[in-house]
Amino acid sequence: MVEETGREVAMERLAAVIGECRKCPLFEDAHHAVPGEGAVGADLMLIGEAPGKQEDLTGRPFVGRAGKLLECLLSGIGLSRDDVFIANIVKHRPPGNRDPEDEEIRACTPYLEEQIRIVGPKVIVMLGRHSSRYILSFLPVEFDRITEIRGTVYPAVLFGHPVRLIPTLHPAAALYNPAYREALEEDFRVAGRELAEGRGARDTGLKGQ
Ligand code: SF4
């Protein structure tokens, strides 16, 4: 188990490396890198796709309207953004909010993998099809549409940590779609149950998967 201060130092060093990164062209048009933020020993990690306009301007993940929705979803399961770690699969904003390209994802995801190693979450919720596709490729699980698999719990061992993986929709997709918002709320309740069960197993001395 990495000590809390050790984790914090490791995460700060990684953020500094990301801030200087030139491994793919995405840094060229970006104002700031958005490495990710939150509790470095969090039980729950949220993984989105890429920074948007507000995130690029502030250097923080999920600060726009989708971020507000994310905070509501967390509050629905008794958490705040300070209780979780939030990151994206690419750390600089793709121009015009286009999808990140495969080479960009390949170049950037070693940073995310290191963040998962440092945090060692019990549950990861993947927000949207890009992060779901990337994380589930380790099992491997393939899918055509995120709506086919959202809310499913995939037990896995990821980078040495036992973890429950839960794909869901991207909050931005739910801003104008009440049905998607309901789906997100449902999937966050699944995550809340998984977290509670993990804590129960730990309290009784049982080990999770
Ligand atoms: S998107 Fe990732 S790989 Fe590309 S420059 Fe930024 S930090 Fe480096």
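The structure presented is a predicted model; accordingly, all values stated were derived computationally and were not measured. Positions within a chain are numbered from 1, following the residues in the order the chain's sequence is written. The model is predicted, so local features are restricted to residues of pLDDT at least 70 and side-chain atom pairs to those at 80 or more, both for listing and for counting; the totals for chains, interfaces and linings are taken over all residues. For the side-chain quantities, the full set of heavy atoms in the structure was used; hydrogens and water were omitted.

## Some remarks on the pairing of strand E5 (residues 154-158)
A regular strand places its side chains on the two faces of the sheet in alternate fashion. Only one face of E5 is covered, namely the one carrying Tyr154, Ala156 and Leu158; the face carrying Pro155 and Val157 has none of its residues buried. Direction of pairing for E5 relative to strand E6 (residues 161-168): antiparallel, over a ladder of five bridges. The residue of E6 that forms the bridge with valine 157 is proline 162. If DSSP finds at least two bridges between two strands, the strands pair. To qualify as a helix, a DSSP run of H or I must reach at least 4 residues; to qualify as a strand, a run of E must reach at least 2; elements of each kind are numbered from the N terminus. The antiparallel pairing of E5 with E6 creates a hairpin that spans two residues between the two strands, and phenylalanine 159 there sits at a positive phi of about 50°. Accessible area is worked out with a 1.4 Å probe on protein chains only. A residue is then buried under 20% of its type maximum, exposed over 50%, and partly exposed in between.

## Examining the confidence of the model for the chain
When the pLDDT values of the chain are averaged, the result is 93; 94% of them are 70 or greater. The predictor reports its confidence for every residue as pLDDT, a score running from 0 up to 100. By the convention used here, residues are in contact when the closest approach between their heavy atoms is within 4.5 Å. Here residues 204-209 scores under 50 on pLDDT; set against residues more than four positions off or in separate chains, the count is six contacts.

## Observations concerning the pairing of strand E4 (residues 123-127)
With respect to burial, E4 is a largely interior element, five of its five residues being buried. Every second residue of E4 is oriented toward a common face, with Val123, Val125 and Leu127 on one face and Ile124 and Met126 on the other, all of them buried. For strand E2 (residues 44-48) and E4, the ladder comprises four bridges, and the chain directions are parallel. Directly across from methionine 45, in E4, lies its bridge partner isoleucine 124. Both E4 and E6 contribute to a ladder of five bridges, which runs parallel. In the sheet register, valine 125 faces E6, and the bridge partner there is isoleucine 166.

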